[in-house]
Amino acid sequence: MDTHTPQFKVRLGMFVAGGLALFVLAIFIIGKQKNLFNPVYKLTTTFYNVSGLQVGNNIRFSGIVIGTVDNIAIINDSTVRVDMLIKQEVRRFIKSDSEVAIGSEGLIGDRLVIISQGSFDAPLAREGEQLESVEPVETDAIMSSLKVTAENAEVITQELAEIMAKINSGTGTLGRLIQDTTIARNLNQTIINLKKSSKGLDENMNAAKHNFLLRGYFNKKARAEEKKAADEKK
């Protein structure tokens, strides 16, 4: 291919111009995401453990990205300082008693900083002010808790399987109640006897009401109930 022809030079120029345009566009997009071209102000906080947080990670307030992590520095063996760049346009919402926590994008996504809403009457956070922090929960602690839960679930499942096996084999009180037909018949007969006893008791009460000796008592009781009903209507 002849590299000295006008057509080749035009194509080369267009290729270079296109590459430069893509490069500038990429810089603009990345810079906008990292707040390099937006007016910002700085806030800071400290943690005992930043739990994998990195410079450039997003900062969210009410679920909206409002800034990025500018710097992470170890102060001493138990303190890590995190500097944050926050957009000026949301400065009026960040209060001095807002708290800073570390979360993640989804379940296992990139780490991010979350700023909570402060009190309504609290003053606005000043430039360079240090906000209170909430220590993140380590993934190892979560996995350890899940392991304990899984072990407990395994024990419960095994015990339930043993109980069901005993029931199916007719052993134990519950198993005998379900499997033994004699006990079922006895329970059924007991219920029938209770029904008969209740019916007999009702018959005895009706007979007592018509008894000459007890008739005055039941009449007096009926008059008292009528009087009570009349008083309630008044």
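Keep in mind it's a predicted model, so treat the numbers as computed, not measured. (Residues numbered from 1 in each chain as written. Predicted model: local features only at pLDDT ≥ 70, side-chain atom pairs only at ≥ 80, totals over all residues. Heavy atoms only, no water.)

### Structural notes on the overall build of the protein
Check the secondary structure of the protein and you find five helices and seven strands. For the protein, buried positions account for 20% of its 234 residues. Summarising the internal contacts of the protein: among those between residues at least 6 apart in sequence, 61% fall at separations of at least 24. If you sum the accessible surface of the protein, you get close to 17,400 Å²; carbon and sulfur atoms cover 60% of it. (Helix = DSSP H or I, 4+ residues; strand = E, 2+ residues; numbered from the N terminus. Buried < 20%, exposed > 50% of the residue type's maximum accessible area, 1.4 Å probe, protein only. Contact = heavy atoms within 4.5 Å. Areas by Shrake-Rupley, 256 points an atom, 1.4 Å probe, with all protein chains shown as cover.)

### Section: the pattern of salt bridges
Evaluation of the coordinates by the stated rule reveals three salt bridges. Note that D70 and K42 form a salt bridge whose closest N and O atoms lie 3.7 Å from each other. Of this pair, D70 sits in strand β3 (residues 64–76) while K42 sits in strand β1 (residues 40–47); the two residues are 28 residues apart in sequence, bridging distant segments of the chain. Note on K42: relative accessible area 32%, which makes it partly exposed. In this structure, the salt-bridge partner of E129 is R126, at a minimum N-O distance of 4.0 Å. The class for E129 is buried, based on a relative accessible area of 13%. Overall, R126 belongs to the exposed group, its relative accessible area being 57%. (Salt bridge = Lys/Arg side-chain N within 4 Å of Asp/Glu carboxyl O.)

### Here we look at the sheet that holds strand β2 (residues 58–61)
Reading across from one edge, β1-β4-β3-β2-β6-β5-β7 is the order of the seven strands in this open sheet, with mixed pairing throughout. Across the chains shown, the open sheet's two edge strands, defined by having one partner strand only, are β1 and β7 (132–134). Ignoring which end each strand starts from, the neighbouring axes of this sheet average 35° apart. Of the pairings in the sheet, the one linking β3 to strand β4 (residues 79–87) comprises eight bridges and is antiparallel in character. The partner of A73 across the bridge, within β4, is R81. (Pairing = 2+ DSSP bridges. Axes fitted to C-alpha atoms, helices over the stretch in contact; angles between N-to-C directions.)

### Comments concerning the nonpolar core
Counting 21 residues, the largest nonpolar core has M84, I86, I94 and I115 as its most contacted members. Where this core is concerned, the elements lending two or more residues are β1, β2, β3, β4, β5 (99–104) and β6 (111–115). Counting residues per element, this core draws most heavily on β4, at four residues. Filtering out sequence-adjacent residues up to four positions away, I86 remains in contact with P39, V40, Y41, L43, I59, I66, G67 and I115. (Core = buried A, V, L, I, M, F, W, Y, C linked by side-chain atoms within 4.5 Å.)

### A closer look at the side chain of T45
Along the polypeptide, T45 turns up in strand β1. Its relative accessible area of 0% is what places T45 among the buried residues. In this structure the side chain of T45 is engaged in a polar contact, spanning 2.8 Å, whose partner is the backbone oxygen of L131. Here T45 is in contact with V80, R81, V82, M84, V100, Q130, L131, E132 and S133, once residues within four sequence places are set aside. (Polar contact = N/O pair within 3.5 Å; in protein donor to acceptor, adjacent residues only side chain to side chain.)

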